[in-house]
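Here is how the chains run, residue by residue.
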Amino acid sequence: MDHTVPTIDSLPRRTLGRSNGPLYRQLADILRVPIGDGTFPVGGELPKEAAIAEHFGVSLITVRQALRDLEADGLIKKRSAKPAVVAARSPSVNLSWKFKNFADMAAFTKDAQLTVKSYRKEVSPVLQRHFGMGKEEAGYCLRSVLSIGEQRKAQITTYFPPDVGARLKREDFSDVLIFRSVQKHLGLRLDVAHVTVRAEIADEAVAADLGIALGSAVLTVEMLYQSADQRSIEFSVARHPADIFSITYDAPNDLS
């Protein structure tokens, strides 16, 4: 295995501009190329953070954020007071939450498969809370598992009010994005998704679906989809193993 230290000249000289998006993302994309083509071999070190910062004319904070992104992808391993080491030439299979619109949701599920476990009428407090239904009134519930390859990434429970659920059949959920199947088969457009993210502990059902230990940490993402007239059409609860799921977003400094 090659453990030589690549020189900073292995990197292209390029001016990074804020008009092309966050500087750290541009830098991370640049670094992915020599990692992917083997210029920076697996087991070898990246150039020092200070050298990268000087080479591209960016701050150390920008460099460190770019390296965090690469580490989250499984491409490198950061080390205290030492240059990062290349861990892999291609990203590990992982899920990250980085979207601001429905198109980003579609990109999020690229290469995934949805396995439907059941679709039936149920009574649930969730239906009361999100669709204003009576305590004993039954709605429809879809239970499924999202996978990429052999890895199970999410247990998804999706609820529909009675009039919506009655128009859908189990076989209608052929798209990995449930809301897209709903739009297609009901001939409507979902206008917005209200998202809530919280931490939970895996119960027996979640542990079995995700192949994790009972009591493991899970990251739960709740999404309430509404139509243009603000009617609630679908409520999905996706539970992910906490160790393979990350949340990434840009937080601009709007303080004066």
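Just so it is clear, the structure is predicted and the values come from calculations on it, not from any experiment.

Novice: I keep staring at the side chain of D209 and nothing clicks. Help me out?
Specialist: As for its placement among the helices and strands, D209 is situated in helix α8 (residues 204-210). Look past the residues within four positions of D209 in its chain and what remains in contact with it is K117, V145, R152 and Q155.

Novice: Any chance you could explain the packing of aromatic side chains here in plain terms?
Specialist: Each aromatic ring pair is summarised here by two numbers: the centre-to-centre distance and the angle between the ring planes. The full count for this structure, using the stated rule, is six aromatic pairs. Here Y119 and F173 contribute two aromatic rings whose centre-to-centre distance is 5.2 Å and whose plane-to-plane angle is 65°, an arrangement assigned as edge-to-face. Here Y119, found in strand β4 (residues 113-122), pairs with F173, found in the loop between α6 (162-165) and α7 (178-186); they are 54 residues apart in sequence, far enough to count as distant. By the burial criterion, Y119 is buried, and F173 matches it. Taking 5.9 Å as the distance between ring centres and 25° as the angle between the ring planes, the aromatic pair formed by F160 and F173 counts as stacked. Linking F160 in strand β6 (residues 151-160) with F173 in the loop between α6 and α7, this pair joins segments that are 13 residues apart in sequence. Ring-pair connections join several aromatic residues into one group, and the members of that group are Y119, Y140, F160 and F173.

Novice: What is the right way to look at the pairing of strand β5 (residues 139-148) in this model?
Specialist: In regular strands, side chains alternate between the two faces of the sheet. The element β5 is largely enclosed, with a buried count of nine among its 10 residues. Bridging between β4 and β5 involves nine bridges; their strand directions are antiparallel. Each residue of the ladder has a partner; that of Y119, found in β5, is L142. Direction of pairing for β5 relative to β6: antiparallel, over a ladder of nine bridges. Looking at β6, one finds that L142 is bridged to T158. A loop of two residues connects β5 with β6, the two strands running antiparallel in sequence, and G149 in this loop sits at a positive phi of about 65°.

Novice: Explain the packing of helix α2 (residues 49-56) against helix α3 (residues 60-72) here, please?
Specialist: In a pair of packed helices, the angle between the axes and the distance between the axes together describe the arrangement. Running from N to C, α2 and α3 cross one another at 115°; their axes reach a closest spacing of 9 Å. By the angle class used here, α2 and α3 are roughly perpendicular. Where α2 crosses over α3, the handedness of that crossing is right-handed. Note on element contacts: α3 touches α2 through L60, V63, R64 and L67, opposite E49, A50, I52 and A53.

The rules behind each value
Residues numbered from 1 in each chain as written. Predicted model: local features only at pLDDT ≥ 70, side-chain atom pairs only at ≥ 80, totals over all residues. Heavy atoms only, no water. Helix = DSSP H or I, 4+ residues; strand = E, 2+ residues; numbered from the N terminus. Contact = heavy atoms within 4.5 Å. Phe/Tyr/Trp six-rings, centres within 6.5 Å; stacked < 30°, edge-to-face > 60°. Buried < 20%, exposed > 50% of the residue type's maximum accessible area, 1.4 Å probe, protein only. Pairing = 2+ DSSP bridges. Axes fitted to C-alpha atoms, helices over the stretch in contact; angles between N-to-C directions. Parallel < 35°, antiparallel > 145°, perpendicular 65-115°, else oblique. Left-handed = near helix turned anticlockwise from the far one by under 90°.

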